[in-house]
Amino acid sequence: MPAPITTPRLRLREITLADLNDIHRLHAIPEVDEFNTLGLPKDISETRKLVKRLLDSGSRIPRESYTWKIMLCDCDVLIGMAGLTPSNDKFRLGEIYYKFHPEFWGMGFATEVAKALIRFGFNRLKLHKVEAGVATGNKRSIRVLEKCGMTREGLRRKILPIRGEWVDNYHYAIVEDDPRP
Ligand SMILES: CC(C)(COP(=O)(O)OP(=O)(O)OC[C@H]1O[C@@H](n2cnc3c(N)ncnc32)[C@H](O)[C@@H]1OP(=O)(O)O)[C@@H](O)C(=O)NCCC(=O)NCCS
């Protein structure tokens, strides 16, 4: 079941293999990968494997993942990506992430998307808690999560393998009855 999302300025549509080139271009930008464990793709076949994995897990019932391409309302160009991974168990958890092309940073788009993912998790998937992990140096993303009403619940030391180093990670979350800005 496709799960499109709209926000005041953006449209999110689930990815297909036709988005491969755009996804590859986004993943090949060093600033986008700075706090990411994926690492820059060596070539497009590496991105193709990743996209196929995402499509596989997104096609299982129950759904193991949702991956969206993000576009401006009036344009079909990919400006970012977002995802949600539901736990599919009695804990009713879901983990979200998002990333944007740098020319679209600083306009509030990530906050708009993160809020929409949280709403999708609670309203459509009936989750109890939505979580996100963020490298402790990723100040922009930390700000995004806090603007969405997420609480920093803990620090996990040295769990993110990023460019040959083990990096610390903050765990953020929001529960279904927490206030939502
Ligand atoms: C993290 C990311 C998604 C943020 O996107 P964005 O659209 O710029 O985010 P927003 O505009 O909604 O909010 C950014 C906030 O960070 C603040 N910010 C920017 N640079 C900052 C810095 N160096 N230190 C602290 N805050 C900073 C902005 O001022 C803004 O907060 P404000 O609204 O209170 O002014 C984007 O930088 C990105 O795609 N990064 C690469 C991928 C990534 O790290 N994804 C997150 C993985 S957890």
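For the structure itself, consult the block above.
Calculation rules
- Residues numbered from 1 in each chain as written.
- Predicted model: local features only at pLDDT ≥ 70, side-chain atom pairs only at ≥ 80, totals over all residues.
- Helix = DSSP H or I, 4+ residues; strand = E, 2+ residues; numbered from the N terminus.
- Rg over C-alpha atoms; globule rule 2.2 N^0.38 Å.
- Buried ≥ 20, exposed ≤ 12 C-beta atoms within 10 Å, placed from the backbone.
- Contact = placed C-beta atoms within 7 Å.
- Pairing = 2+ DSSP bridges.
- Near = placed C-beta within 6 Å.
- Nonpolar A, V, L, I, M, F, W, Y, C, P; charged D, E, K, R; others polar.
- Core = buried A, V, L, I, M, F, W, Y, C linked by C-beta atoms within 7 Å.

Caption draft 1: The arrangement of the overall build of the chain in detail. Looking only at helices and strands, the chain has five helices and eight strands in total. For the chain, the succession of helices and strands along the chain, N to C, is β-β-α-α-α-β-β-β-α-β-α-β-β. Relative to its length of 181 residues, the chain is compact, with a C-alpha radius of gyration of 16 Å against a globular reference of 16 Å. Its C-alpha atoms give the chain principal-axis dimensions of about 40 × 40 × 35 Å. Split into buried and exposed, the 181 residues of the chain put 27% on the buried side. Sequence separation of 24 or more characterises 57% of the internal contacts of the chain that already satisfy a separation of 6 or more.

Caption draft 2: Structural view of the pairing of strand β4 (residues 80–86). Burial within β4 is extensive, with five of its seven residues counted as buried. Direction of pairing for strand β3 (residues 66–72) relative to β4: antiparallel, over a ladder of five bridges. What sits directly across from Tyr 66, in β4, is Leu 84. Bridge count between β4 and strand β5 (residues 93–100): seven bridges; the pairing is antiparallel.

Caption draft 3: Here's a closer look at the site of the ligand. Taken together, 20 residues are adjacent to the ligand, and Trp 105, Ala 110, Thr 111, Lys 139 and Arg 143 come closest. Breaking the shell around the ligand down by element, the ones donating at least two residues are β5, α4 (109–124) and α5 (139–147). Here the element with the most residues in the shell around the ligand is α5; it accounts for five residues. Residue composition of the shell around the ligand, by class: 11 nonpolar, five polar and four charged.

Caption draft 4: Structural detail: the nonpolar core. Of all hydrophobic cores here, the largest spans 37 residues; its most connected members are Val 113, Ala 114 and Leu 117. Sort the elements by how many residues they give to this core and α4 lands first, with nine residues. The contact partners of Ala 114, leaving out residues within four places of it in the chain, are Ile 96, Tyr 98, Val 144, Leu 145 and Cys 148.

Caption draft 5: Molecular detail of the environment of Asp 76. Among the secondary structure elements, Asp 76 is positioned in the loop between β3 and β4. Residue Asp 76 is classed as exposed on the basis of its C-beta count, with 10 C-beta atoms lying within 10 Å. Along the chain, Asp 76 and Ala 3 lie 73 residues apart, while their C-alpha atoms are 17 Å from each other.

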